[in-house]
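Below, each chain spelled out in residue letters.
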Amino acid sequence: MKYMIMMFGGLGAATQDRSPEWIAGMHELLMKLDTELKESGECVASDALADPGQAKTVRFTGGAPVPTDGPFAEVKESLAGYWIIEADEDRALQIASQVVGYTGYPMEVRRIMDHSAQP
Amino acid sequence: MTGQDRIEDLLRELAPQVLATLVRRYGQFDAGEDAVQEAMLAATLQWPGEGVPDRPRAWLLTVASRALVDTWRADSARRRRETAAALDPTGHATAAGFPVHLAAGLAGAEPDDTVALLFLCCHPALSPPSQLALTLRAVGGLTTAQIAAAFLVPEAAIAKRIVRAKQRIRDAGARFELPAHPQRTERLAVVLHVLYLIFNEGYTTSSGAALQRTDLIAEAIRLTRLLHRLLPGEAEAAGLLALMLLTDARRAARTDAHGRIVPLADQRRDRWDAAAIAEGQAILTRTLGTGPVGPYQLQAAIAALHDESPTAEATDWPQILALYDVLTTVAPGPVVTLSRAVALANVHGPLAGLALLGTLDADERMAHTHRLEAVRAHLLEQAGDTTAARDSYLRAATMTASLPEQRYLELRAARLQHPGPPGSPAD
């Protein structure tokens, strides 16, 4: 089974009050974990998203889709990156806990729908 | 180099020649391209065990021709008639309306054939991502899987991009020949730009975790070297090759052991590649003054000045500024202005550089890149305005889509916030 582990915050504005050591430590932790997951073959896909400040939202406005800047929601709670791993739930939670233990930012762990008839 | 590597190098050198010969013979670029891929695969499987044949190009040509004929056999009856015509041993008939005199060039691929192939793959009807993918496959001899790995996208996506690109080339009625002057200069500019994009994609990745993808760099240099060898009189092709060599020479020093960016001023210059610098300088010296001076030659000359300097402090900034002044005349643009601001700051102080940056604020083309803010942050830091510098670094960090650059910018900002000893309270 596949799980998507989503990381929130940890980019741009969310790190502006942290020390260089804390930031470097977070980068090292994330890179180490990413390498481990790729080398073990558990990682199906992973990526980081650009800062939400650069995001656009397309809304149906006045009868047509219109792209606008934003969302300017609480930046610290915006999706920052994800892993898709092939593992059971325990393992997915364990991975997320490793990151949350360091950063303090929340992570969401979601099962991905299975495309075969007998999951 | 292992035997396997030697075979791969040989195959990639021969691939465009075999493809060019097939296109001349049968006139179908898209089917020919598939056939060459098939022949390359067969060679990859057979040659390591059975040894490289005495005439490897003829071997590939035979296997590719057979593959092409097999495709036709599997096709409709209409196609079969065309095949019969195309395989006419007198060579007087062609399959897709290519001029007979072109199809008669059966002896082998002329050097110009590879250039014609490059022009075809960089056809203006294609989007840049398609031009890149098709060039790497048809001229570079890379497999779809290798291209996909280099661009960090699924193999199926690259495969589709290539199929579509070939369709577009057919629909556009593009011809397999060197464009005539003056159109040729225009088309060559597109080819050079595609090679430059491949290099840049490898050098500063626009996304992803690894700052450099060396395979793309090596491939861009190899193809530009090939182009320069085939068109030695084109000064800008030489300039582009010199620019790539002089820039790539600094690769080892651009990142530290943790993969973090090291800015030019802080790089360990003993880690620069002296051989690449010497080659780049030699090409540039040979080229400058032989033709109209274009943007690639000028950028190469600037890169050479950086490479020649024993220390960051010894950099000949007045000379670099003078070259940027020329570049501003030859190929003006916001990116050139940005670089010129750095040179200006080094000659006349950070405030002069900041003033020039101010002229870019209203430029729409700079609205979506972090580079303006990143340069401003550096100059503000040099000017001693740490608060404004920190804000600029953070703004730049939120704008970049490159992870290593984002990390670098966040750290620069954090350093200005925390001048105290390590371990000072974070919040």
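I will try to describe carefully the structure that is included in this document. (Residues numbered from 1 in each chain as written. Chains lettered and ligands numbered in written order. Predicted model: local features only at pLDDT ≥ 70, side-chain atom pairs only at ≥ 80, totals over all residues.)

1. Observations concerning the sheet that holds strand E6 (residues 107–111) of chain A
Strand-to-strand pairing in sheets goes through backbone hydrogen bonds, with the strands running parallel or antiparallel.
Residues and elements named next belong to chain A.
In step 1: With antiparallel pairing, the 4 strands of this open sheet are ordered in space as E2-E5-E1-E6. Looking at which strands have only one partner, the edges of the open sheet turn out to be strand E2 (43–48) and E6. On average, each strand axis in the sheet is tilted by 15 degrees relative to the strand beside it, whichever way the strands run.
In step 2: Both strand E1 (residues 2–8) and E6 contribute to a ladder of 5 bridges, which runs antiparallel. Note that in E6 the partner of Met4 across the bridge is Arg110. (Pairing = 2+ DSSP bridges. Helix = DSSP H or I, 4+ residues; strand = E, 2+ residues; numbered from the N terminus. Axes fitted to C-alpha atoms, helices over the stretch in contact; angles between N-to-C directions.)

2. Things to note about the packing of helix H1 (residues 20–39) of chain A against helix H2 (residues 89–103) of chain A
Residue and element names in this part refer to chain A.
In step 1: Relative to each other, H1 and H2 sit at 170 degrees, their axes nearing to 10 Å. Considered as vectors, H1 and H2 are oriented roughly antiparallel to each other. On H2, the residues that touch Met26, Leu29 and Leu33 of H1 are Ile95, Gln98, Val99, Tyr102 and Thr103.
In step 2: Split into classes, the residues belonging to the contact of H1 with H2 amount to 6 nonpolar, 2 polar and no charged. (Parallel < 35°, antiparallel > 145°, perpendicular 65-115°, else oblique. Contact = placed C-beta atoms within 7 Å. Nonpolar A, V, L, I, M, F, W, Y, C, P; charged D, E, K, R; others polar.)

3. Some points on the pairing of strand E3 (residues 56–61) of chain A
In step 1: With respect to burial, E3 of chain A is a largely exposed element, only 0 of its 6 residues being buried.
In step 2: In this antiparallel pair of consecutive strands, E3 of chain A and strand E4 (residues 64–69) of chain A, the connection spans 2 residues, and Gly62 of chain A shows a positive phi of 60 degrees. (Buried ≥ 20, exposed ≤ 12 C-beta atoms within 10 Å, placed from the backbone.)

4. Here's the deal with helix H21 (residues 403–417) of chain B
In step 1: End to end, H21 of chain B covers 21 Å across 15 residues, agreeing with the expected 21 Å (1.5 Å per residue, within 8%).
In step 2: Among the 15 residues of H21 of chain B, 12 are classified as buried, and the element is accordingly described as predominantly covered.
In step 3: Residues Leu403, Pro404, Glu405, Gln406, Arg407, Tyr408, Leu409, Glu410, Arg412, Ala413, Ala414 and Leu416 of chain B constitute the buried set of H21 of chain B.
In step 4: Buried positions along H21 of chain B lie against H1 and E2 of chain A together with helix H19 (371–382) and helix H20 (386–399) of chain B. (Expected span 1.5 Å × (residues − 1).)

5. With respect to the nonpolar core
In step 1: Of all hydrophobic cores here, the largest spans 116 residues; its most connected members are Val18, Ala39 and Ala64 of chain B.
In step 2: A per-element tally of this core places helix H12 (residues 235–248) of chain B first, with 10 residues. (Core = buried A, V, L, I, M, F, W, Y, C linked by C-beta atoms within 7 Å.)

6. What about the packing of H1 of chain A against H21 of chain B?
In step 1: Where H1 of chain A meets H21 of chain B, the closest approach of the two axes is 8 Å, and the angle between their N-to-C directions is 160 degrees. Relative to H21 of chain B, the element H1 of chain A lies roughly antiparallel. Here the hand of the crossing between H1 of chain A and H21 of chain B comes out right-handed. Contacts between H1 of chain A and H21 of chain B involve Pro20, Ile23, Ala24 and His27 of chain A from the first element and Arg407, Glu410, Leu411, Ala414 and Arg415 of chain B from the second.
In step 2: A breakdown of the residues in the contact of H1 of chain A with H21 of chain B according to their chemical character gives 5 nonpolar, 1 polar and 3 charged. (Left-handed = near helix turned anticlockwise from the far one by under 90°.)

7. A word on helix H15 (residues 295–308) of chain B
All names here are of chain B.
In step 1: Taking 1.5 Å of rise per residue, the 14 residues of H15 would be expected to cover 20 Å, and the 20 Å separating its terminal C-alpha atoms lies within 8% of that figure.
In step 2: With 12 of 14 residues buried, H15 is to be regarded as a mostly interior element.
In step 3: Of the residues making up H15, those classed as buried are Pro295, Tyr296, Gln297, Leu298, Gln299, Ala300, Ala301, Ile302, Ala303, Ala304, His306 and Asp307.
In step 4: Here the buried face of H15 lies against helix H10 (183–203), H12, helix H14 (274–287) and helix H16 (317–330).

Keep in mind these values describe shape, not function.
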